Amino acid sequence: MVAPDLFDAIAEPDVLLPLVMANAMSPRLWRLGRRIATAPDPLEAARRVVDTSFTHASPQAVARMSGYLDLDAERRRLGARVVDDAIADIAKALPERRRRGLMPDDDAVEAGLAAGRFPAYSYANVDVVHAARRTPGGPGQRPRGLTSCVDEAALFAALATTNPEVNGHLDGIVLMQSNTHCTVFGWTGDDAWWFWGKQALFTPAEFARWVEQNHDGDAADALLTIMGAPMRRIISRRGTLDIAGGCSSLPPDEVQRTLAAIDRFFGRRPNALNGCTDTLRQVPPSPHDRLFDGAVRCTSAEQVQGLVRQALHGDAGDRTAGTHAMLAFRSLDLDDLTPYLHAARRGPLVAGLATTLGSADEAIAAIAALETLPALGDPRRLALPDEVLGRGSASPAERALMLHVLLERIDGGPVRTVLMGDDAVTRSGSLAVRASDLAQVDAGVVDPAGRAFDEVAPAGEQ
C-alpha cells in the first residue's frame, strides 16, 4: 500500500482505495476543495483544480525524473502474468496513441521495454505529489505537482467525495481502468459524468458530440482511444470487478447498477464488458467500504484522520482498511513500519545512488547534503528515499530510512533502524548513526524493543 507502482495497481486494484482515503486525510486536499465549495458546477471546478494545480507527466518525463522499473524484478515480485499482460497492452497502445497524436513522437519507452525496463510510475497521496519537486535550477527540475492518470483519478475522486454538493447526490462512483489508463465515472439516476483526464470531463451529451466530431460516431473507437487498451477493471469503495480475471468483490447488485449506468452513458455496452457477468466468480468484499461510508460525512481532514485512527481499533476489516489508509497517508503512527522499508528498497533513484557510493562514510555524506526539513512538511509522516531525493530535504526518520537502504546495498549485511522520539538511529554492524546530526553513537543506545524497520532484506529485494 506504500507507493504502489503501475503493476501493483494491476495486481491488486484495491491499493487505489487507500490512496483516495489518504487524500481525504490531507489538509491540502481540503484547501483545494475550497475552490469548488461554492462553484455552480462543482465537478467541473474539481477538474479545473486538478488541471491547474498539477502537471501531467509523459512516460518519458517519468523515466527522466523517477528512473526505470526492472521488469524481471517486477515479474519475480508480482508474477509474470501480471507484468506480461500489462506490457502486451502497453506495447500495443503506445504506437496507436502516437499515431492519434496523443503522445510525443518518441520511441524511448519501446526501447526501454526491449531492454526489460519501464518508467517507474508510482502513485502517492497529494502531499507526496506536492513535495516531490526539485527547486528551480536543480537536477531534473521536476515540475510542480507531477502526476499520472492514477494520481489524477485519486485526486478527483477525493475532491468529489469530500464535497457535499457532489457526494450527497451520487448514486455511484467508480474508477474505470485499463492497463494503460485510469478514469473516474459517476452517476445520479439517469445522469452521469466521466472524468477521463485532467483536461476532460464529459456529460453524456458532450461525449456523444465528441464521438461524432472525432470518431465518425464510433463510440467503441472513442473509448479505446481514451483508455488506450481494453477496460480491465471497475473499482468502487466496495471492491473490484476484475473483468480479465472473471471475478468480483463488488456485490452482484452493484455490478448490475454500475453496468446499467455505463450502458446509458455510452449508449452501448463497451466491448470489454460484454458477457463479463456470465460466469463471474464472487470473492470476499473490500474492507474499505465502511471507512468510506464514514468519511463522506466528515467535514475536515482532521475528522477523516480521526475516523481512520478509530478504525485501527475496530474489527479485522476496519483494522485492515485503517492500516492501509495510514500507510498511504505515510503516517509513522503505526506499530509495523516494515511496509515503508519494503517500498524504499524498490526505489530506482536510491538504488542508482548506491551504485555511486563505495562506503558507509560516503552514504552518510550523501545524506548530509540534504536539507533538514521534513520532505512532507510533517515529521510524523514519511517520504521514501526516492521522494526525498526529489525534494532534497528530509526529517530524521526520512534520513534514517535512506541511510538504512544505502547501507544494505553498500555492505550487504543486516541493518536495523529504530525510531527514538523525534530522532532515529541506524545500525549496521558496529556502526550506529544518529539521524538528526549524522553523528556516530554508541550502538548500545539502540533500543532493542523500539519501533524499527526490520533487519534483514528479503531475498530479491536488494
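All chains use their own residue numbering, which begins from 1 and follows the written sequence. Confidence filtering applies because this is a predicted model: local features only for residues at pLDDT of at least 70, side-chain atom pairs given and counted only at 80 or more, and all residues used for totals across whole chains, interfaces and linings. Only hydrogens and water are set aside; all other atoms, that is, all heavy atoms of the structure, feed into the side-chain values.

Draft legend 1. Looking closely at the pairing of strand β15 (residues 431-434). When strand β14 (residues 423-428) meets β15, the two strands line up antiparallel, connected through 4 bridges. Each bridged residue has a counterpart across the sheet, and for Ser428 the counterpart in β15 is Leu431. Counting the residues between successive antiparallel strands, the hairpin from β14 to β15 contains 2 residues, one of them, Gly429, with a positive phi of roughly 60 degrees. The pairing criterion is simple: DSSP has to find at least two bridges between the two strands. Helix and strand definitions here come from DSSP, where helices need a minimum of 4 consecutive H or I residues and strands a minimum of 2 consecutive E residues; each element is numbered from the N-terminal end.

Draft legend 2. Quick look at the pattern of salt bridges. The working definition used for a salt bridge is a side-chain nitrogen of Lys or Arg within 4 Å of a carboxyl oxygen of Asp or Glu. Enumeration over the complete set of coordinates arrives at 29 salt bridges. We note a salt bridge from Arg48 to Glu44, for which the minimum N-O separation is 3.7 Å. Taken as a pair, Arg48 and Glu44 lie in helix α4 (residues 42-53) at a separation of 4 residues, close to a single helical turn. Think of it in three bands: with a 1.4 Å probe and only protein chains considered, a residue is buried below 20% of the maximum accessible area for its type, exposed above 50%, and partly exposed in between. With relative accessibility at 43%, the residue Arg48 sits in the partly exposed group. The residue Arg237 makes a salt bridge to Asp289 at a minimum N-O spacing of 2.6 Å. Of this pair, Arg237 sits in the loop between β9 (231-236) and β10 (239-242) while Asp289 sits in helix α15 (residues 289-295), and the two are 52 residues apart along the sequence. The network of salt bridges with shared partners includes Arg237, Arg238, Glu254, Asp289, Asp293 and Arg297.

Draft legend 3. Looking closely at the sheet that holds strand β8 (residues 200-202). The sheet built from 8 strands is open, its strands ordered β8-β7-β6-β5-β9-β10-β11-β12 with mixed pairing. Among the strands making up the open sheet, the edge pair consists of β8 and β12 (281-282). The pairing of strand β7 (residues 191-197) with β8 spans 3 bridges and is classified as antiparallel. Within the sheet, the bridge partner assigned to Gly197 lies in β8 and is Ala200. We call two residues contacting when some pair of their heavy atoms lies within 4.5 Å. Fitted lines through C-alpha atoms give the axes, limited to the stretch in contact for helices. The angle between two N-to-C directions lies from 0 to 180 degrees. Helix-sheet contacts for helix α13 (residues 219-227) involve β5 (172-178), β6 (182-188), β7, β8 and β9, and the interaxial angle to β7 is about 45 degrees.

Draft legend 4. Empty space enclosed by the protein, seen in detail. Buriedness for pockets is judged along seven lines, at least five of which must meet protein on both sides within 12 Å for an open set on the 1 Å grid over protein atoms alone, while cavities are sets there where a 1.4 Å probe fits but cannot get out, and lining residues have an atom within 4 Å of a point. Grid points are joined across faces, edges and corners, and a volume is the space filled by probe spheres set on the points. Scanning all chains against the criterion turns up 3 cavities of 30 Å³ or more. Taken as a whole, the largest cavity holds about 500 Å³ of empty space. Those elements that place two or more of their residues in the lining of the largest cavity are α5 (59-66), α9 (126-131), β4 (146-147), α18 (338-345), α19 (348-355) and α21 (385-391). Residues belonging to the lining of the largest cavity are distributed by class as follows: 19 nonpolar, 5 polar and 6 charged. By the convention adopted, Pro, Cys, Tyr, Trp, Phe, Met, Ile, Leu, Val and Ala count as nonpolar, Lys, Arg, Asp and Glu as charged, and the other residues, Gly among them, as polar.

Draft legend 5. Quick peek at the nonpolar core. Within this scheme, the nonpolar core is defined by two criteria: the residues are buried Ala, Val, Leu, Ile, Met, Phe, Trp, Tyr or Cys, and they are joined through side-chain atoms within 4.5 Å. One finds Phe7, Met21, Phe118, Phe156 and Val304 to be the most contacted residues of the largest nonpolar core, which totals 119 residues. For this core, the element with the highest residue contribution is helix α10 (residues 149-161), accounting for 10 residues. Sequence-distant contacts of Val304, that is, excluding residues within four places in its chain, are made with Met21, Ala24, Met25, Trp30, Ala295 and Cys298. Core analysis: the next-biggest nonpolar cluster, separate from the first, contains 29 residues, Ala222, Met227, Met231 and Val255 among them.

Geometric values such as these leave the question of function open.
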